[in-house]
Amino acid sequence: GENVEQHPSTLSVQEGDSAVIKCTYSDSASNYFPWYKQELGKGPQLIIDIRSNVGEKKDQRIAVTLNKTAKHFSLHITETQPEDSAVYFCAASSRNTGNQFYFGTGTSLTVIP
Amino acid sequence: DAGITQSPRHKVTETGTPVTLRCHQTENHRYMYWYRQDPGHGLRLIHYSYGVKDTDKGEVSDGYSVSRSKTEDFLLTLESATSSQTSVYFCAIRAGLAGGQASTDTQYFGPGTRLTVL
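No experiment lies behind these values; they were computed from the predicted model shown.

Enquirer: Can you walk me through the overall build of chain B in this structure?
Expert: The secondary structure content of chain B amounts to zero helices and 11 strands. Tracing chain B from N to C terminus, the helices and strands come up as β-β-β-β-β-β-β-β-β-β-β. Dimensions of chain B, computed from the C-alpha atoms along their principal axes, are close to 45 × 30 × 25 Å. When the 118 residues of chain B are sorted by exposure, 51% land in the buried category. For chain B, restricting intrachain contacts to residue pairs at least 6 apart in sequence, the fraction spanning at least 24 positions comes to 55%. Only carbon and sulfur atoms are counted for the fraction: they give 49% of the accessible area of chain B, which is about 5,400 Å². For chain B, the distance from the average site of its 12 positive side-chain charges to the average site of its 12 negative ones is 2 Å.

Laid out in structure tokens, this is it:
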């Protein structure tokens, strides 16, 4: 099955700086890559996703890039704010895995005011 | 929140007792999922359902069973709870895209149930 690795596990940045979280995947058939944000005591919330037919997608301060050749994708948050502090998860899915998402182990982001 | 509720939100139980967690959705989604979340492991799939009475195993299904007798409810049962099943359990639904590309439909999560097995 698919194996998704996520780095770093913890990340601290100053408010206003950028944050980058990276994920790698093993199944070359994976073609859908969502990112989730989880605040304390809540369920994961989808923040952005990308499909394998594009290399980059942006939504305001959040962007995701995908390198299919290297099998890695990254989340970029610019102009970080304290409310960006949370745990972020990446995931990968493919037709081969049918209905299943495979998640990374999470990155705890702290934005220091 | 995609109309997903989970009950109970918190539960403390003893080893060996049966436990049932409920996931309820209001938007008639076909696919529903149960995950557990543990430090260092992220989210791992326990079981999922692709319709009434249609279920299949996920990555960590041992010790768990599920049932789906109607579209809106997906139940997760621990027949005899063990301390290793202490975790936070999340239910999710898959919201389809127009055109129905199965592998690209995203999942939306409920608020979670924190289960402690003593």
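Here the narrative resumes, following the displayed structure.
Enquirer: Is there a simple way to think about the layout of surface pockets in this case?
Expert: By volume, the largest pocket amounts to about 560 Å³. Lining the largest pocket are 28 residues, with Gln38(A), Leu40(A), Val87(A), Gln37(B) and Arg114(B) positioned closest to its centre. For the lining of the largest pocket, the secondary structure elements donating two or more residues are strand E9 (86-94) and strand E11 (107-112) of chain A together with strand E4 (32-38), strand E9 (87-95) and strand E11 (113-117) of chain B. At three residues, E9(A) tops the list of elements feeding residues into the lining of the largest pocket. When the residues that make up the lining of the largest pocket are grouped by side-chain class, the tally is eight nonpolar, 15 polar and five charged.

Enquirer: Looking at this model, I keep getting lost on the sheet that holds strand E6 (residues 56-59) of chain A. Mind explaining?
Expert: Sheets are built from strands paired through backbone hydrogen bonds, the pairs being either parallel or antiparallel. All names here are of chain A. Sheet architecture is open: five strands sit in the order E1-E3-E8-E7-E6, paired in antiparallel fashion. Edge positions in the sheet fall to strand E1 (4-7) and E6, since each of these pairs with one other strand and no more. For this sheet, the mean inter-axis angle between neighbouring strands, taken without regard to orientation, is 15 degrees. In the sheet, E6 pairs with strand E7 (residues 62-67) via four bridges, with the strands oriented antiparallel. Among the inter-strand pairings, Asp59 is bridged to a residue of E7, identified as Ile62.

Enquirer: What am I meant to see in the state of the cysteines here?
Expert: By definition, a disulfide links the sulfur atoms of two cysteines through a covalent bond. The full count for this structure, using the stated rule, is two disulfides over all chains. Covalent S-S linkage joins Cys23(A) and Cys90(A), the inter-sulfur distance amounting to 1.9 Å. Its S-S torsion of approximately -100 degrees makes the covalent link between Cys23(A) and Cys90(A) left-handed. With a gap of 67 residues between them, Cys23(A) in strand E3 (residues 19-25) and Cys90(A) in strand E9 connect regions that are remote in the sequence. The same class applies to Cys23(A) as to Cys90(A), namely buried. Paired by a disulfide, Cys23(B) and Cys91(B) hold their sulfur atoms 1.9 Å apart. One quick way to see it: the torsion about the S-S bond of Cys23(B) and Cys91(B) is about -70 degrees, and its sign makes the bridge left-handed. In this pair, Cys23(B) sits in strand E3 (residues 19-25) while Cys91(B) sits in strand E9, placing the two residues 68 residues apart along the sequence. The same class applies to Cys23(B) and to Cys91(B), which are both buried.

Enquirer: Can you help me understand the interface of chain B and chain A in this one?
Expert: By a frequent convention, interface size equals the accessible area lost on bringing the separate parts together. Residue-level contacts link 24 residues of chain B with 22 residues of chain A. Buried area between chain B and chain A, summed over both chains or domains, comes out near 1,800 Å², and the portion from carbon and sulfur atoms is 52%. On the surface where chain B and chain A come into contact, there are four residue pairs in polar contact (both at pLDDT 80 or more). For the side of chain B that touches chain A, the secondary-structure elements that each account for two or more residues are E4, strand E5 (42-51), E9 and strand E10 (106-109) of chain B. Of the residues assigned to the side of chain B that touches chain A, the class counts are 11 nonpolar, nine polar and four charged.

Enquirer: Is there a simple way to explain the nonpolar core in this structure?
Expert: Burial of nonpolar side chains together is a common tendency in soluble globular proteins. Grouped together as the largest cluster of nonpolar side chains are 24 residues, with contacts concentrated most on Trp35(A), Phe73(A), Leu75(A) and Leu109(A). Broken down by secondary-structure element, the contributors of at least two residues to this core are strand E2 (10-14), E3, strand E4 (30-38), strand E5 (45-51), E7, strand E8 (72-77), E9 and E11 of chain A. Leave out the neighbours within four places in its chain, and Leu109(A) touches Leu11(A), Val13(A), Ala19(A), Ile77(A), Asp84(A), Ser85(A), Ala86(A) and Tyr88(A). Judged by nonpolar contacts, the second largest core, of 20 residues, contains Trp34(B), Tyr64(B), Ile93(B) and Val117(B).

Enquirer: Please explain the sheet that holds strand E7 (residues 64-70) of chain B as it appears in this structure.
Expert: Residue and element names in this part refer to chain B. Pairing is antiparallel in the open sheet, where four strands are placed in the order E1-E3-E8-E7. The open sheet has two edge strands, strand E1 (4-7) and E7, and neither has a second partner. Each strand of the sheet is rotated relative to its neighbour by a mean of 20 degrees, with strand direction disregarded. Of the strand pairs in this sheet, E1 and E3 are connected by four bridges, and their pairing is antiparallel. For Ser7, the partnering residue across the bridge sits in E3 and is Arg22.

Calculation criteria
Residues numbered from 1 in each chain as written. Chains lettered and ligands numbered in written order. Predicted model: local features only at pLDDT ≥ 70, side-chain atom pairs only at ≥ 80, totals over all residues. Heavy atoms only, no water. Helix = DSSP H or I, 4+ residues; strand = E, 2+ residues; numbered from the N terminus. Buried < 20%, exposed > 50% of the residue type's maximum accessible area, 1.4 Å probe, protein only. Contact = heavy atoms within 4.5 Å. Areas by Shrake-Rupley, 256 points an atom, 1.4 Å probe, with all protein chains shown as cover. Lys, Arg positive; Asp, Glu negative; His and termini not counted. Charge placed at Lys NZ, Arg CZ, Asp CG, Glu CD. 1 Å grid on protein atoms, 1.4 Å probe; cavity = no way out; pocket = protein on both sides within 12 Å on 5 of 7 lines; lining within 4 Å. Points joined across faces, edges and corners; volume = space filled by probe spheres on them. Nonpolar A, V, L, I, M, F, W, Y, C, P; charged D, E, K, R; others polar. Pairing = 2+ DSSP bridges. Axes fitted to C-alpha atoms, helices over the stretch in contact; angles between N-to-C directions. Disulfide = S-S within 2.5 Å. Buried area = accessible area lost by both parts, 1.4 Å probe. Polar contact = N/O pair within 3.5 Å; in protein donor to acceptor, adjacent residues only side chain to side chain. Core = buried A, V, L, I, M, F, W, Y, C linked by side-chain atoms within 4.5 Å.

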